[in-house]
Amino acid sequence: MHMADALISPAVGGTMWAVAAGLIAHAAHKVRQTARDNLVPMMGVLGAFVFAVQMLNFSIPGTGSSGHLGGGLLLTILLGPHAALLTMASILTVQALFFADGGLLALGCNIFNLGFFPAFVAYPLIYRPWTRGGHTGGRAWLGTIVAAVAGLLLGAFAVVVETKLSGISALPFATFAVLMLPIHLAIGLVEGLATASVVTFVVRARPEAIAAVRSAQSTAGLRPVLAGLAVAALLAGGVASWFASTHPDGLEWSNAKVTGKEELEVPASAIHERLGNVQEKTALLPDYDFRASEATATEEEAPRWPAVSMGTSVAGLVGSLITLALVVLLGLGLRSLPLRRASRQS
Amino acid sequence: MALAGWMEVGRMEELARLDTPVHRLDARAKLLTTLAFLVVVMSFPRHVVSGLVPFACYPLVLISLGRIPVRQIGRKILVAAPFAVVIGLFNPLFDRQPVMTLGTLVITGGWLSCFSILLRFVLTVGAALALVACTGMYRLGSGLVQLGVPRVFVMQLLFLHRYLFVVAEEGGKMVRAVAARSGGTRTVNRCVYGSLVGHLLLRSLDRAERVYRAMVARGFDGQMPQMQRPVWRATDLAFVAGWTAFFVLARAWNLAAELGRAFSGGGP
């Protein structure tokens with residue numbers, strides 16, 4: 001459920017970046033405050049561990065399918081919420097940078113969806129009260145599974161909300177939610193089962209491993225987290241409103257859906273209008289012309305929809321192809337340039 | 001993700017060690033420009049296709065000047081594509097408003113926005129991958145610190161990146177052992193899974209402890225040492241300013257359509 005850059009708007013991406021930056025700053029502060037200096041290497045190795053674990057699958061009885069560990073909840077149980085959030089954030093960053101799994105501007109969304117919910121919601125509000133410090137036994141199993149499911153469902157729901165607010169995808173809200181939530185219910189069950197198996201094993205095989213890690217963790221009070229979140233939300237609100245004033249895409253889109261009309265895509269602000277003046281005429285966007293003629297066939301509209309539109313859209317197509325060719329030529333040209341300084345050095 | 005995935009990470013690091021004009025730029029300059037690129041690309045309305053095409057310039061220039069194999073970046077983009085493709089393909093189903101005709105072919109808004117999503121995906125992912133391939137994790141990390149990202153987070157990022165190979169190797173051994181004992185399968189039952197993964201965890205922790213002691217013995221004091229402090233030169237400023245100007249220009253005017261009209265003579 002990593003979100004890609006292609007599906008979110010800058011307003012949503014920027015807001016979630018601000019939120020994630022706030023969370024990271026808070027978590028980094030906490031870790032620095034309380035940690036022994038071997039906590040950071042420990043976080044690094046556990047992050048790498050979460051990557052490596054995805055090579056191993058286990059069979060789900062009776063279904064013929066298999067599952068593997070996602071890691072958010074396991075990291076939180078092992079490291080505590082603050083260190084776990086930082087670790088999740090770095091995992092997601094590496095995934096975005098090296099595996100193209102989730103985008104760079106969507107990173108804020110992904111850190112929030114996959115890091116915040118397990119570490120700061122599912123763990124303190126479900127796992128801890130439920131297990132009361134013990135990591136084995138039926139209670140702990142149930143607590144782990146419920147916490148994993150809750151964390152993943154919240155994350156999946158956040159994906160739906162963020163996608164909807166961005167307005168790039170035309171999927172209706174309810175349809176998308178119905179698609180996402182049952183899948184993540186199943187994934188959550190698998191995640192919970194896997195997490196509980198691993199925790200049970202580690203507690204039995206080497207109880208001091210968990211104890212050692214846990215002694216390094218910060219004591220997680222919920223109040224500073226909430227305070228941090230409030231600040232992040234304020235910040236985010238500021239950023240969002242700034243973006244919203246120049247770029248009302250998401251809102252516009254939802255309005256259009258409410259009124260049942262196709263989006264008009266008319267830029268609302270003055271800057272946008274000025275900048276988009278030429279583009280308005282030439283982009284592949286002649287749907288302004290449909291304002292008056294929503295349901296009628298295209299041929300009948302020929303007089304009211306003059307050939308200009310046709311011409312410009314062809315121009316757009318031709319221009320795109322020429323531009324692409326030019327860009328590729330430019331690339332090939334640059335590639336054949338000798339690297340003067342490099343060759344001198346070698 | 002297979003073991004090959006981690007070897008790819010290693011190859012990206014090798015590429016980052018090349019010495020080309022793009023590699024010599026300050027990491028901060030490339031980070032800021034790439035962020036500006038992403039924001040501008042994402043700010044386009046959802047039916048725009050031709051307006052996005054000129055933006056292919058940026059990743060392609062990085063890739064060409066940086067001597068990065070196009071095939072490698074292309075393969076990574078393809079591997080990551082399914083999610084965007086699936087979401088994109090829903091658009092033609094839900095948005096059936098015809099917006100243009102090409103001869104007898106009627107194109108709906110949904111197809112246009114689907115194509116737009118795919119184009120955005122290739123552009124944004126391509127730019128991010130190109131950034132890493134021509135900068136490298138280490139320089140990226142020090143750039144992040146200089147831009148004000150919390151040091152603990154960046155350190156943790158670098159540690160994660162370093163340990164990836166170590167832990168992946170252990171994981172790879174386990175996968176091979178499982179396959180050798182169970183007729184080639186990579187799927188085990190849940191109890192076995194618990195102890196396998198648990199062992200992997202314990203081994204990783206031990207490994208981390210040993211590596212950490214070795215680092216402390218060599219004078220590690222909780223901070224990554226910096227060999228040389230990167231300096232911000234005029235070329236870096238020119239890089240950021242030049243590209244930002246281009247992005248603003250290409251956002252304001254649809255360069256591709258202008259060019260198309262100049263060639264085809266159509267339109268007003």
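Before any of the text, the structure's been laid out above.
Note that the coordinates shown come from a computational prediction; the quantities given were computed from them, not determined experimentally.

The rules behind these values
- Residues numbered from 1 in each chain as written.
- Chains lettered and ligands numbered in written order.
- Predicted model: local features only at pLDDT ≥ 70, side-chain atom pairs only at ≥ 80, totals over all residues.
- Heavy atoms only, no water.
- Helix = DSSP H or I, 4+ residues; strand = E, 2+ residues; numbered from the N terminus.
- Buried < 20%, exposed > 50% of the residue type's maximum accessible area, 1.4 Å probe, protein only.
- Polar contact = N/O pair within 3.5 Å; in protein donor to acceptor, adjacent residues only side chain to side chain.
- Phe/Tyr/Trp six-rings, centres within 6.5 Å; stacked < 30°, edge-to-face > 60°.
- Core = buried A, V, L, I, M, F, W, Y, C linked by side-chain atoms within 4.5 Å.
- Contact = heavy atoms within 4.5 Å.
- Axes fitted to C-alpha atoms, helices over the stretch in contact; angles between N-to-C directions.
- Parallel < 35°, antiparallel > 145°, perpendicular 65-115°, else oblique.
- Left-handed = near helix turned anticlockwise from the far one by under 90°.
- Nonpolar A, V, L, I, M, F, W, Y, C, P; charged D, E, K, R; others polar.

(A) Structural detail: the side chain of H23 of chain B. All names here are of chain B. The residue H23 is located in helix α2 (residues 21-24) in this model. On the basis of relative accessible area, H23 is assigned to the buried category, the value being 1%. A distance of 2.7 Å separates polar atoms of two side chains, one belonging to H23 and the other to T20.

(B) Summary view of the packing of aromatic side chains. All names here are of chain B. Enumeration over the complete set of coordinates arrives at 19 aromatic pairs over all chains. Seen from their ring centres, F44 and F55 are 5.5 Å apart, and the 80° between their planes marks the pair as edge-to-face. Here F44, found in the loop between α3 (27-42) and α4 (57-65), pairs with F55, found in the loop between α3 and α4; they are 11 residues apart in sequence, far enough to count as distant. One exposure class covers both F44 and F55, and it is buried. Centre to centre, the rings of W243 and F246 are 5.7 Å apart; their planes meet at 85°, and the pair counts as edge-to-face. On the criterion of helical spacing, the pair formed by W243 and F246 is a turn pair, its members being 3 residues apart in helix α11 (residues 234-252). By relative accessible area, which is 14% here, W243 ends up buried. What links up through ring pairs into an aromatic cluster is the set F37, F44, F55, Y58, F239, W243, F246 and F247.

(C) Fine view of the nonpolar core. In this structure, L46, F49 and L86 of chain A together with F37, F55 and F121 of chain B are the most contacted members of the largest nonpolar core, which totals 156 residues. With 14 residues, helix α9 (residues 151-181) of chain B is the largest single contributor of residues to this core. Among residues more than four places away in sequence, those in contact with F121 of chain B are A4 and A6 of chain A together with I77, A80, A81, A84 and G126 of chain B. V49, V99, M100 and L112 of chain B belong to the second largest nonpolar core, which has 5 residues in total.

(D) Focus on the packing of helix α7 (residues 173-205) of chain A against helix α10 (residues 190-217) of chain B. Contact geometry of α7 of chain A with α10 of chain B gives a least axis separation of 8 Å together with a crossing angle of 60°. The angle between α7 of chain A and α10 of chain B places the two elements in the oblique class. The handedness of the crossing between α7 of chain A and α10 of chain B is right-handed. Packed against α7 of chain A, whose contacting residues are L193, A194, S197, V198, F201, V202 and A205 of chain A, the element α10 of chain B presents R190, Y193, G194, S195, V197, G198, H199, L201 and L202 of chain B at the interface. Along the lines of polarity and charge, the residues of the contact of α7 of chain A with α10 of chain B split into 10 nonpolar, 5 polar and 1 charged.

(E) Quick peek at the packing of helix α4 (residues 81-98) of chain A against α9 of chain B. Orientation of α4 of chain A relative to α9 of chain B, taken along the N-to-C sense of each, is 60°, at an axis distance of 9 Å. What the angle tells us is that α4 of chain A and α9 of chain B run oblique. The two elements α4 of chain A and α9 of chain B cross, and the hand of that crossing is right-handed. Across from L86, T87, A89, S90, I91, T93, V94 and F98 of chain A in α4 of chain A, the residues of α9 of chain B making contact are V152, F153, Q156, L157, L160, H161 and L164 of chain B. Residues that form the contact of α4 of chain A with α9 of chain B fall into these classes: 10 nonpolar, 5 polar and no charged.

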